[in-house]
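What follows is each chain in one-letter form.
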Amino acid sequence: MPPTDHQSSFLNRISIRRNQVTSMEGNHDQELEEIELFQKHVADRLAELASSTDDSNAFLSIAWFRTLIDALLCCESEFKAVLILDRDPTHFVKPPLDRVGPELQDRCVKALDICNAITYAIDLVHYWQQLAEIAVTSLEQRPIGDGQIARAKKVLSALLMFIADDNKEQTKSTERSWSFGRRGSGSTVSKDKDRGGKSFRYMNLAFNKSWSAAKEIQAMSANLVEPRGKEVNGLAMPVYVMSSVLVFSMWALVAAFPCQERNGLLTHFPVAKNLIWAQSLISLQEKIGEEWKKKEKKAKVGLLEEVQRMEKVATSLVEFADAFKFPVEEEKLKEVEEQVKELSEICKKLEEDLAPLQQQIREVFHRLVRSRGEIMDLVEQAGYIMGSSA
Amino acid sequence: MEPDSSSPEENSSEKNDEQQDQSAEGEITEDSKPSDGSEEKEEAEKEANEDEADQQPPDVVKVTDEIDQFIALLSSETVDDDNEPPKIPESLEQYAFLAEAKIANYDATDNPVKWGELPEELMTALLENVARIHKLSVSLSKFSSHSEYAMTLNRFGEILQRALSFFEEEFRLLLEDCDVQNIEYSSDPDPEKELPPVNYFPGYPDDIIAKLNRLVHALITTGHETECCQLYFLERRKALDAALDRLGYEKNSIDDVQKKNWDAMERDIVTWIKTYKEFSKNILPSERNLIESIYAGHESASLNLFRILTRAFLIQLLNFSEAVAMTKRSDEKLFKFVDVYEALRDLVPALDGLFPADDGVHELIKSDATLTRCKLGETIICIFRELECKIKTESGKTAVPGGAVHPNTRYTLNYLNLACEYKDTLELLFKEHQRIERADSNRTGPEFQAANNQPSNNNEEVTVQSPFQLQLIKVMDSVDSNLEGKSKLYKDASLSLIFLMNNGRYILQKVKASPDLKSVMGDPWIRKRSSDLRSYHKSYQRETWGKVLQCLNAEGLTVHGKVSKPTLKERFKSFNAMFDEIHKTQSTWLVTDEQLQSELRVSISSLVIPAYRSFMARFSSTFTPGRQTEKYVKYQPEDIETYIDELFDGNSGSQPGKKK
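Residues numbered from 1 in each chain as written. Chains lettered and ligands numbered in written order. Predicted model: local features only at pLDDT ≥ 70, side-chain atom pairs only at ≥ 80, totals over all residues. Heavy atoms only, no water.

J.: Just give me the short version of the overall build of chain A, but keep the residues and values in it.
T.: For chain A, the helix and strand inventory stands at 11 helices and zero strands. If you list the helices and strands of chain A from N to C, you get α-α-α-α-α-α-α-α-α-α-α. Counting across all 390 residues of chain A, residues that qualify as buried make up 59%. In chain A, the proportion of contacts linking residues at least 24 apart, taken out of those at least 6 apart, comes to 79%. Accessible surface, chain A as shown: approximately 16100 Å² in total, 52% of it carbon and sulfur. (Helix = DSSP H or I, 4+ residues; strand = E, 2+ residues; numbered from the N terminus. Buried < 20%, exposed > 50% of the residue type's maximum accessible area, 1.4 Å probe, protein only. Contact = heavy atoms within 4.5 Å. Areas by Shrake-Rupley, 256 points an atom, 1.4 Å probe, with all protein chains shown as cover.)

Here's what the structure looks like:
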């Protein structure tokens, strides 16, 4: 179902109902129903994400992230419908919203910074893609000669170095950019390893040096507490649902994309177990958390499926290049052709999916800004209403 | 490799003499060995001795001619399985040998040749040969299924890659070597530097630009465009990042901005505006200029590079304004918000000239900037509405002593006065926003809509008033209604009136003193305020002096044509008492505006003194001169005048009569 249709029908329904019911007291049952419906929709979306395994939508691939962001955007619209639409502003200055509201707003601001960091990370992945494309172009030439090998090796080593450079704080790196193998074909990768770091960091420093995506995620999840007692049936619940989905999405993005400072990224944050959407979210979280633990030891590439594959193929192609002797044996060539084809396909996927994902992230950004502003206005209005009635 | 065609010997030997210590340069001359000049002989022999392995040097001119002929031959051949391709001439091997040695010399690991210092003719020769090798490779590849061809192709392919790799590195090094000291995107606001001159490059001399362009051309025509553009992007991004640093710009996160206190934010905003203007007015135009020159002849590459560089930086910069627009609004932020609003508004025309029409990145940046600007506009309007609302609902319970000007009046008027310095921007902003709001009237709360609908209910004059004027008038009206409320805090009706007069006068004077505020509020408003003030004045006269004047009324004093002495005594007594009392209280009242103070005194004098004088003239003779007169006629008219002149001084109450 396309998200927009779904969302508008839902909004309409709520708005009509709210208009029919004028007394706030009589509204409570409807409200409960709305909250339940909201949770159910979130559950459906997450279940879809958790079960998607087909090739076109591989787990943690860009296509998968696009589905995740779709889910986040839908969730956000419904959340707004439940929480904001025709809401009496004074609710925002009374419990529980007076407490959970500001917490949500704070999470939103942090999510905005993460959106920006991801936007830069997507640029960076695009840059990697370009390096890989050079290798593809070069290795698709026939016959493959020493010139093609040298060119491919140069860019692939640069690519691997960039990928490896993430997460690893180099205390002192020279001003060299990726153009290593500086003098002739004789120089080896290891000799030039110090050269890539700085430029990479320029690609990726969206914020002051102290900013860390890992810390932001930590802060976003720190006060994420399941509503208890009476609050279970009130407005604290949708805020909790929205916050969980938001934190989860941002966390997954950070784990996958090379953004500023991911050291110490959480592998887990607490989620209420007995809510209908929680199971899917927990299982996704466990899967990603496990992956992260595995990869973090290697401390490199991030979990993005395409980039992981890219790293594997690039490593193997560099090995091939190191052992290359002209002319290449037929059997070896077949093997390499396979790998080049895979690399080319990865590049094609990145080319197709990166820009739309970036747009979606921008959309998330604008939506969060807008909702936050609307809530701020309501709080403000509530202040006046309370002030003038006092 | 081939040396220069016409007179290479003198040239390269000259170079060689100048730079004998440079081994790479020394080796370059090796190629100019096939010489006919005798002065070269010694040199050549010397080098031959140095490198005994060196064989008889092939004739370069001859070799390259043969290569060109061979390329021409291959291009006329058709690929055919049955046909054997032409035999590869021996000169190819010679050429490969020469070229390889040459590149190795240039690209020596320990002391490579610097592209920027390479003499013109050697550069041309190198570029020509690289182009030749590229062409040769393309021709050879047609027959690459033949192993001899494949081997030769491989040989040249490697040489070509090495040469291009050398070009890439030199391109990067030259770009990196940007002379930061000479960059003139200055921080000093010299108006003459507003527009960079046509030949204006950030930190590179013109000859280097030309050399970079040649490298670009070599790289792009051999299919290394991506490498070439990535290198440019990385190096210039670094350079522009350094420019951000020099301007003192900090890459705050949105979270940082929300948490900063306003003082720190104000400083950041000032830096941001400076940085932003510098980028949109100087840095980006010169970058565009630089890219266009370095990538001359490769327009799509140059435009694309400019796009991605600009996007990276403008998104970064716009992000800060977005973060500012998101902060909690308050009165004090108004002025800085308007500054940011103006900077965002001015960006659009500044960028228009840099991009082609309908460019995607340009549109994206514009729409982002516009979105943030609209949000700021909304916030600015909210600040005015909230100010109006806050004044209206403010309900302090303490009256200002002496009926003086209320601090809130002062604050509001000073605030509006400052706001009017941004009058032109605010006028446009309110107009634009009103349009948006009409189109999107469901977004804001009900009371905002109500407030917005009001203008249509007003009288004829309103139709010519701008939305900003209306807003200011509304703020003024709320000041009025607040003052009305405050005036009721005084128990003494006269003091209430003095309070209204003081504040009204203050407002009027403030408005009249500021041409901007005056023109916004308009003459009708000023006339109305002046007439209000006159009516307060009249009411005050009635309130305070009406009863006093009744004492001086001749009516009821004469019974059957005779003056009733007891009544007269009573009249004088009550006049004295009243006047004493008024003097006692009202000299503690404060009218700070000197003109108003004197107007009040003059009007009171002209009301009271003639009445008193004529009353005295008519009736004081009734009393027995001496003690009786002294007892009842306490004041001479001159005394009255003196005492009136002591009113509204804010004194702590001196007793009349005790003075003098």
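That covers the picture; the talk isn't over yet.
J.: Explain the overall build of chain B to me, and be specific about the residues and the numbers.
T.: The secondary structure content of chain B amounts to 25 helices and two strands. For chain B, with 660 residues in total, the buried portion stands at 52%. A separation threshold of at least 6 residues defines the contact pool for chain B, and within that pool the share at least 24 residues apart is 80%. Just so you have it, chain B exposes about 31000 Å², and 49% of that area is on carbon and sulfur atoms.

J.: If you had to explain unusual backbone geometry to someone new, which residues and values would you point to?
T.: In this structure, Pro96 of chain A follows Pro95 of chain A across a cis peptide bond, with omega equal to 0°. Note that Pro96 of chain A resides in the loop between helix H3 (62–83) and helix H4 (97–139). Going from Phe326 of chain A to Pro327 of chain A, the amide bond is cis rather than trans, its omega being -10°. Checked against the element boundaries, Pro327 of chain A lands in the loop between helix H10 (305–322) and helix H11 (330–389). Even without being glycine, Leu60 of chain A reaches a positive phi, approximately 65°. Assignment of secondary structure puts Leu60 of chain A in the loop between helix H2 (28–51) and H3. Despite not being glycine, Asp358 of chain B shows a phi value in the positive range, around 60°. Examined against the element boundaries, Asp358 of chain B turns out to sit in the loop between helix H13 (334–352) and helix H14 (360–393). Assessed through its relative accessible area of 69%, Asp358 of chain B is described here as exposed.

J.: Explain the environment of Phe335 of chain B to me, using residue names and the numbers behind them.
T.: Residues and elements named next belong to chain B. By secondary structure assignment, the location of Phe335 is in helix H13. Note: C-alpha distance between Phe335 and Ile380 (45 residues apart in sequence) is 9.0 Å. Setting aside anything within four residues of it in sequence, one finds Phe335 in contact with Tyr415, Leu418, Ala419 and Tyr422.

J.: Describe the packing of helix H9 (residues 225–246) of chain B against helix H12 (residues 299–326) of chain B, with residues and values.
T.: All names here are of chain B. The contact between H9 and H12 brings their axes to 10 Å, and the two run at 35°. For the crossing formed where H9 meets H12, the hand is right-handed. Residue-level inspection shows Glu225, Cys229, Tyr232, Phe233, Arg236, Arg237, Leu240, Asp241 and Leu244 of H9 in contact with H12, the latter providing Ala301, Leu305, Ile308, Leu309, Ala312, Phe313 and Leu317. Class assignment for the residues of the contact of H9 with H12 results in 12 nonpolar, no polar and four charged. (Axes fitted to C-alpha atoms, helices over the stretch in contact; angles between N-to-C directions. Left-handed = near helix turned anticlockwise from the far one by under 90°. Nonpolar A, V, L, I, M, F, W, Y, C, P; charged D, E, K, R; others polar.)

J.: Please provide a residue-by-residue account of the layout of surface pockets, values included.
T.: If you add up the space inside the second largest pocket, you get close to 910 Å³. Contributing to the lining of the second largest pocket are 33 residues, with Asp123, His126 and Gln358 of chain A together with Ile308 and Arg311 of chain B lying nearest its centre. Only H4 and H11 of chain A together with H9, H12 and H14 of chain B provide two or more residues apiece to the lining of the second largest pocket. Tallying contributions element by element places H12 of chain B first for the lining of the second largest pocket, with nine residues. In the lining of the second largest pocket, the residues fall into 15 nonpolar, 11 polar and seven charged. (1 Å grid on protein atoms, 1.4 Å probe; cavity = no way out; pocket = protein on both sides within 12 Å on 5 of 7 lines; lining within 4 Å. Points joined across faces, edges and corners; volume = space filled by probe spheres on them.)

J.: Outline the state of the cysteines, listing residues and values.
T.: Enumeration according to the criterion identifies zero disulfides over all chains in this entry. Between Cys259 of chain A, a free cysteine, and Cys115 of chain A, which holds the nearest cysteine sulfur, the sulfur-to-sulfur gap is 11 Å. Exposure remark for Cys259 of chain A: the relative accessible area of 1% places this residue in the buried category. Summary of cysteine pairing: Cys374 of chain B is not part of a disulfide, and the nearest cysteine sulfur, belonging to Cys382 of chain B, is at 13 Å. (Disulfide = S-S within 2.5 Å.)

J.: Can you lay out the packing of aromatic side chains for me, pointing to particular residues and giving the numbers?
T.: Counted by the stated rule, this structure contains 39 aromatic pairs over all chains. Consider the rings of Tyr106 of chain B and Phe166 of chain B, whose centres lie 6.0 Å apart with planes at 50°: the pair is tilted. Taken together, the positions of Tyr106 of chain B in helix H5 (residues 91–106) and Phe166 of chain B in helix H7 (residues 147–176) put the pair 60 residues apart, joining distant regions of the chain. Phe166 of chain B carries the same exposure label as Tyr106 of chain B, and that label is buried. Of the aromatic side chains, those joined through ring pairs into one cluster are Trp545, Phe575, Phe579, Tyr612, Tyr635 and Tyr643 of chain B. The aromatic ring of Phe59 of chain A is capped on one face by Lys287 of chain A, whose charged end is 4.1 Å from the ring centroid. Above the face of the Phe365 of chain A ring, Arg362 of chain A is positioned so that its terminal group lies 4.7 Å from the ring centre. (Phe/Tyr/Trp six-rings, centres within 6.5 Å; stacked < 30°, edge-to-face > 60°. Lys NZ or Arg CZ within 6 Å of the ring centre and 35° of its normal.)

J.: Help me get a handle on the interface of chain B and chain A, residues and values and all.
T.: Accessible area lost when the parts come together is the quantity often used to give the size of an interface. Each side of the interface is counted separately: chain B has 60 residues, and chain A has 56 residues. Between chain B and chain A, the buried area comes to about 5100 Å², and carbon and sulfur atoms account for 49% of it. With a shortest N-O distance of 3.6 Å, Lys328 of chain B and Glu380 of chain A are connected by a salt bridge. Where chain B touches chain A, the interface holds 20 residue pairs in polar contact (both at pLDDT 80 or more). Listing elements by their share of the side of chain B that touches chain A, those giving two or more residues are H7, H9, helix H10 (254–259), H12 and H14 of chain B. A per-element tally of the side of chain B that touches chain A places H7 of chain B first, with 16 residues. Grouping the constituent residues of the side of chain B that touches chain A by class yields 16 nonpolar, 17 polar and 27 charged. (Buried area = accessible area lost by both parts, 1.4 Å probe. Salt bridge = Lys/Arg side-chain N within 4 Å of Asp/Glu carboxyl O. Polar contact = N/O pair within 3.5 Å; in protein donor to acceptor, adjacent residues only side chain to side chain.)

J.: Talk me through the environment of Asp649 of chain B; I want residue IDs and the actual numbers.
T.: Residue and element names in this part refer to chain B. Position of Asp649 relative to the elements: it lies in the segment after helix H25 (637–644). The spatial distance from the C-alpha of Asp649 to the C-alpha of Val591 is 6.7 Å, given a sequence separation of 58 residues. When sequence neighbours within four positions are dropped, the list of residues in contact with Asp649 reads Ser587, Trp589, Leu590, Gln597 and Arg601.

J.: Which residues make up the UniProt feature "coiled-coil region" (unreviewed entry) in chain A, and what values do they have?
T.: Annotation from UniProt places "coiled-coil region" (unreviewed entry) at residues 326–360 of chain A. Counting secondary structure, residues 326–360 of chain A comes out at 89% helix and 0% strand; the distance between its end C-alpha atoms is 47 Å. (UniProt positions renumbered as here; feature names shortened; annotations may be inferred.)

J.: Residues and numbers for the confidence of the model for chain B, please.
T.: Residues and elements named next belong to chain B. Residues of chain B with pLDDT of at least 70 account for 81%, and the chain-wide mean is 82. Segment residues 1–54: pLDDT under 50, and 58 contacts once partners within four positions in sequence are set aside and those in other chains are kept. Every residue in residues 185–200 is under pLDDT 50, and counting partners more than four places away or in other chains gives 24 contacts. Interface confidence for the predicted complex, expressed as ipTM, amounts to 0.86; the pTM equals 0.82. (pLDDT = per-residue confidence, 0-100.)

J.: Break down the pattern of salt bridges for me, with residues and values.
T.: Here the structure, examined in full by the defined rule, presents 59 salt bridges over all chains. When the shortest N-O distance is used, the salt bridge between Asp123 of chain A and Arg311 of chain B registers 3.4 Å. Here Asp123 of chain A, found in helix H4, pairs with Arg311 of chain B, found in helix H12, and the two come from separate chains. On the basis of relative accessible area, Arg311 of chain B is assigned to the buried category, the value being 15%. Among the salt bridges present, the one from Asp480 of chain B reaches Arg529 of chain B, with a minimum N-O distance of 2.6 Å. Here Arg529 of chain B lies in helix H21 (residues 523–551) and Asp480 of chain B lies in helix H18 (residues 467–487), a separation of 49 residues in the sequence.

J.: Go over the packing of H12 of chain B against H14 of chain B with me, naming the residues and quoting the values.
T.: Residue and element names in this part refer to chain B. At a minimum axis separation of 10 Å, H12 and H14 run at an interaxial angle of 10°. Comparing the axis directions of H12 and H14 gives the class roughly parallel. Contact with H12, carried on its side by Arg307, Thr310, Arg311, Leu314, Ile315, Leu318, Ser321, Glu322 and Ala325, involves Val361, Leu364, Ile365, Asp368, Ala369, Thr372, Lys375, Leu376 and Thr379 of H14 and no other residues of that element. The residue makeup of the contact of H12 with H14, split by class, is nine nonpolar, four polar and five charged. (Parallel < 35°, antiparallel > 145°, perpendicular 65-115°, else oblique.)

J.: Please set out the nonpolar core residue by residue, giving values where relevant.
T.: Formed by 304 residues in total, the largest nonpolar core has its most connected members in Phe65, Met250, Phe257 and Trp277 of chain A together with Phe167, Phe171 and Tyr295 of chain B. The element best represented in this core is H4 of chain A, accounting for 24 residues. Tyr295 of chain B has contacts with Phe171, Asn213, Val216, Ile220, Cys228, Cys229, Tyr232, Ala301, Ser302 and Leu305 of chain B, leaving out every residue within four places of it along the chain. (Core = buried A, V, L, I, M, F, W, Y, C linked by side-chain atoms within 4.5 Å.)

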